[in-house]
Amino acid sequence: MISRLVFKVIVIITGIIVIYAAAILLLFMPEIEKNTIRLEEHIGISELSKISLLVDNAAREMEDYKKTSLEVHKKELISLTEVAFNLIRRLHDASLPENLKKDLRVRTQDFKAILEKRYASTLIKQGEQAAKTDILKYIDDYRYDNGIGYFFAAKQDTTIVMHPVNHDFIGKNCFDLKDQNGVYFVKDLVKRVLDGNGEGYIQYVWNNPLTNQPEDKLTYGFLFKPTGWIISTGFYLPNIVRQQQKKAIDYVRSLSYGDNDYFFISDYNNVLISHPYLQDINFSNIKDVYGNFIIPPMVQVAKEQGGGFVSYWWKKNKDDETVYEKLSYARHFPEWQWVTGTGIYLDNIQQEIAQRKQQLVRQLRQTLQEKKVGENGYFYILDAKANVVFYPDALEGKNLTDFSNPDYTMQIFAGLIDAYKNGSGVFYYKWNRPDDKGNYIYDKVAWVDYNAYFGWYICASAYVSELKKTSSNLRRFILISTLLVLFAVIIFATFFFHRLLQPIFELSEKAKLVKHGNFSIRNTIKRRDEIGMLAETFNDMLDTIEENIRTLDFNVREKTHDLEEQKEVFETLFYKTTDGVVLIENNRFIDCNDACVRLLEYDNKSQVLSLHPADISPKLQPDGRDSYEKACEMMHICLTEGSHHFEWVHKTAHAVEFWAEVVLTKIVIQGKTVIHANTRNITDRKNLERGLKEKTSELETSLRDLRATQSKLIQSEKMASLGGLVAGVAHEINTPVGMALTGITHIDQETKHIRQKYNDDEMTEEDFYSFLEDSDDLNRSIIINLNKAAELIKSFKQVAVDQSSEELRTFKLKEYVDEILISLHNRIKKTKLLINIDIDEQLELTTVPGAISQILTNFVMNSIVHGYDLHQTGTITIHVYLADHTLNLIYKDDGKGMDANTKARMFDPFFTTKRHLGGSGLGMNIVYNLVTQTLKGSIECESQLGKGVEFKVLLPISDHLGIV
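Residues numbered from 1 in each chain as written. Predicted model: local features only at pLDDT ≥ 70, side-chain atom pairs only at ≥ 80, totals over all residues. Heavy atoms only, no water.

Draft legend 1. Quick peek at the overall build of the protein chain. Summing up its helical and strand segments, the protein chain has 19 helices and 29 strands in all. Counting all 964 residues of the protein chain, 39% fall into the buried class. Of the contacts formed within the protein chain by residues at least 6 apart in sequence, a portion of 55% connects residues at least 24 apart. When the accessible surface of the protein chain is split by element, carbon and sulfur atoms take 54% of a total near 55500 Å². (Helix = DSSP H or I, 4+ residues; strand = E, 2+ residues; numbered from the N terminus. Buried < 20%, exposed > 50% of the residue type's maximum accessible area, 1.4 Å probe, protein only. Contact = heavy atoms within 4.5 Å. Areas by Shrake-Rupley, 256 points an atom, 1.4 Å probe, with all protein chains shown as cover.)

Below you can see the structure in the form of C-alpha cells.
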C-alpha cells in the first residue's frame, strides 16, 4: 500500500511536471520563440559587427595615417618656425645694451684713431691750439647713422667743449646736469672714464631728435689723451630696437620654402606686420569660409603656451580663390610682443585618404557580395546623404532619400537613421523578395550600425518569416519531450519514494514519544546515508538535551551566589567609604551614604534624597556660571562619555561653602542608567595652592626686577665702552688736526709775506719759486694729516654707530676689523703688543656689526688690562675662516693666562679680578650673550697660567649671519 506521504510526493511531482510543461507552452515558448528569433538576429548582428569592425579598422588606419602625417608636418612646421624665430632672436639680442656696447666701442675706437691721426698731423704743422681747433671742428661736422649719431666732447671738470647738436651747451659746466631719473650722466661718465682705464659706459634718458621724445640712451666715452678731453657718443636704444625690428620684418617677409610657402609675423593686435602679400592687414575680425578666426587663435595659443597649432581653411595664393585646409604653427616672441610662424596645406593628406576609401569600398563589395543573413537576407551600405555605397543588386550608386516604406509613414532612409540614433539599432519595413521582384509586401528587419569617420550607415537585413521558422520546429519538439518525461517520472517516483521515506516514518514515531518527555528513548536505524546521519543526530540531540538540563541547574546556582557577593561588595564600597557618595537618576539624588550626610552637615539621609546637585551649591560657581546649568552639563558629559572628573564648590546645610573634588561614573542598576557621584572635600588643598600662587607671583616680580637691573648695568657698560672709545679717538685725532692747523698757519704767514713783497715790487723769481715749493710741501703735509684725521673719524663713526645699533649690515670683515683696531689705537699704542690679523680680504658678511665690534673690543681690552703687565711685549692673533657652514673666529694672546677658577667663572656677570681698578665684571658676560643670543653661536675658552688665552667663537650661518 502506498503511504499518504508517497502519494503526496507523486502528486506534487506530477503537478510540477504538468505546470512546468504548461509554463513552457504558455509562458516560456513565446519567450523561447523570441530568443530563437533573437539568436537568428544575433547571428545577423554578429556578421554586421564583423563588417563594422572591418570598416572601423580601415577608419583607424586612415586616421592613424592622418595623425602620423600631421605629426610629421607639425615637426616640420616647428623646425621651420624655429628658423624665423632664431633670426628674430638674434636681431633682438643684438639690440640689447650689453651687446650694443661692443659695437659702440668699435665705432668709437675707429673715430678715436681718426682724431689721433688728425691731431698729430695738425700739431706738427700748426701747433697745439690749431690741432685742438681742428679736432673740435671735425667733431662738430661728423655724423653717422643718417645724421642721427654724433660725438661730443667735455673737459674732465664736465665743461662741454663741443656739442654738435646743441651749441648752447658749449662752455657750460654740466656737473649737476641730470636726466629725468636723476642720473648725473656727464659727471658719472667722466668719473667712469677716469676710473676705468680711459674708457667707460653710461645709460641715461635723453631727448631723441627723431621722435622729439626722451628715450633711453647708451653712451660710450674715452679719454682723448692729447687734450685730456672726454669724447663720447651713444645709441638711442629705442632707435636700435626699431631698426632691428624692421630688419626682422623684412627678413621674415623675404623668406620662402617649398611651393611658395612663407613665414608671417603678427602683433598682439592681430595685425600681420610681416607677410608676402597681406602686410599690415588687421585679422581681428577676418574668418575662413567655415567661420573660424585665423590670426586671433594663433596669438592666443602662442601667448598662453609659448607656441601651438591652429587649423583653418585658406587659399594657396592671392590669385587662387580655392580654399584648402591649412595647419599653421605660431610661436610667441614676448620681448617684442610678436607671434611668428608658418603653415602647410593638408590637401595631399586628403587625397591619399580618398584613394584609401575607394580601395575599402572595392574590398567591401567583394566581401559582402556572397554573405547572407538567413536564407535570403543581405548587407548594404548608405552614406549620410542616402547615397548607396554598396548594394547587392542594381540599387548601388542610387540615392534612397525618397524611397518610401509601404504601410509606414516614415521613409526607409529616415527610419534607418532614427533606429541608430534611438539606440535600438533595429528597423522594420516592407520590401520585395528575390523570387518576387517589385512586390513590396514582405516584412523585413534591418540592423543598423554607423561609422562616424566615413559617415556610413552599415546595414544587415533579413526576412522576418525566415527568422520564425526555427522557433516553430523547436516548439513541437519540446511538447513531445515533456509528455514522455512525465510518464516515466510517475512510475519511477512511486517505487523510489516509498523505499526512501520508510525510515522517516519510524523517526516521526520516536519524536512523538520525546515530545511527551521521554528523553531516554533512542533510534535503532543504522544506514550509511543522510537518513542514517539524521537518526544518529537524533540520538545525539537527546544526549545533549539531557546534559544541558543538568548543566543549566548547576549554572543557576553558581550565578545566584556570584550576584549575592557582588551586591555585598557594592554595598560595602557605597556605605563604608569616607567620601560622600550619592546615586543620581534624572538629575535627582535617589540614594547616598552616611559620609555624604556628614559632609553636607544634614541630620539624616532623608533630607538629602530628591535634592538636585544645585541645591547643595551656591548660586554661582567661581567661573561665574549658574550652578544649576553647569551641574546639568557635568551630568550630561558623564552620561555621554561614561565618566567625568572636575572640581566644584558645594555648600553645607548651614550655607558653609567648601571646595570638592567630584568623580561622576555612569553605571546600570537593575536595567536603569544612574550616575554614581563620589565627592571629596579639598578645601585645605585649594588653600595651599592659593598660597603657592601668591609666592610664585612674588618670585616672578623679583626676577623681572633683577633682569631689568642687569640690563641697565649691561647698557651702562656698553656706554662706558663707547665713552672710552670716544676719548681714545679724540686723542688720536688731536695730533693730525694740530699738525694740519700748524701747516695752515705757516702757509698763511708765507702767503702774507710774498704778497707784501709783491705789493712792494720786491719779489724776485727766486722768491716766487721758493714760495711755491714751500706751499707744495705744506699742502702735502696738511692733506696727509687731514686724511688721517678723516680716516680716524670715519672708523670711529662706523664703529660707534654699530656698537649702539642691532641692525643687520653687509660689510667686509677684514676692513671692519681694521676700523675697530684704529678706534682702539689710543690704548694699543701705549703697549708693546703686536696684533696679527689673518682674515680673507674678500670675506663679506651680513650680520649685526656692533656685536662683532663689542666682542673684539672686549677681547683686546681684556688682553691689555688682564693679560700683560705694563710695557710687557706680546702678540695677539685674530684668525677668521669659514668651514662647514660655520664662521670660526679664533682670538688668542701669549699673556699671563688664567687659573681654573677664573676660567670657570669668566662669563659670570659681575665677576672681575680687577674690581679695585674699576672693572665691572660685565665685559665677558656681554661677549657671551652677544655670541649665544644675538649671533646664535657658541664660545669656548682654553687657558692656563703663563700660557696665554685662546677664545674660539663658532657662528653658524643663519638669519643672524650670512655669507655674501
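Draft legend 2. Geometry of the side chain of Ser232. The topology assignment puts Ser232 in strand S5 (residues 229–236). Since its relative accessible area comes to 0%, Ser232 is described here as buried. Excluding anything up to four places from it in sequence, Ser232 contacts Tyr150, Phe151, Phe152, Leu189, Thr219, Tyr220 and Gly221.

Draft legend 3. Inspection of the pattern of salt bridges at higher detail. A full pass over the atoms with the stated rule returns 28 salt bridges. Here Arg253 and Asp250 are joined by a salt bridge, their closest N and O atoms 2.9 Å apart. With Arg253 and Asp250 both in helix H5 (residues 237–254) and 3 residues apart, the pair spans about one turn of that helix. Its relative accessible area of 31% is what places Arg253 among the partly exposed residues. The exposure class of Asp250 is partly exposed, given its relative accessible area of 27%. Between Arg685 and Glu647 there is a salt bridge, with the nearest N and O atoms lying 2.9 Å from each other. (Salt bridge = Lys/Arg side-chain N within 4 Å of Asp/Glu carboxyl O.)

Draft legend 4. Structural detail: helix H8 (residues 412–421). All of the buried residues in H8 are Ile412, Phe413, Gly415, Leu416, Ile417 and Ala419. On its buried face, H8 sits against strand S12 (378–383), strand S14 (426–431), strand S15 (442–451) and strand S16 (456–463). Taken from the residues just after H8, Gly423 is the one with a positive phi, measuring 95°.

Draft legend 5. Representation of the sheet that holds strand S18 (residues 588–592) in the model. Across the sheet, 5 strands lie side by side as S18-S17-S21-S20-S19; this open sheet has antiparallel pairing. Two strands in the sheet have a free side with no partner beyond their single neighbour: S18 and strand S19 (643–651). Adjacent strand axes in the sheet meet at a mean angle of 35°, parallel and antiparallel pairs treated alike. Both strand S17 (residues 580–585) and strand S21 (residues 672–681) contribute to a ladder of 5 bridges, which runs antiparallel. (Pairing = 2+ DSSP bridges. Axes fitted to C-alpha atoms, helices over the stretch in contact; angles between N-to-C directions.)

Draft legend 6. Examining the state of the cysteines more closely. On inspection of all chains with the given rule, the structure shows 0 disulfides. The cysteine Cys596 is free of any disulfide, with Cys592 supplying the nearest cysteine sulfur at 4.7 Å. (Disulfide = S-S within 2.5 Å.)

Draft legend 7. Spatial organisation of the environment of Gln944. On the secondary structure map, Gln944 appears in the loop between strand S27 (938–943) and strand S28 (949–956). Classification of Gln944 by relative accessible area gives partly exposed; the value is 48%. The spacing of Gln944 and Gly897 is 47 residues in sequence and 5.2 Å in space, taken between C-alpha atoms. Setting aside residues up to four positions removed in sequence, Gln944 forms contacts with Lys896, Gly897 and Met898.

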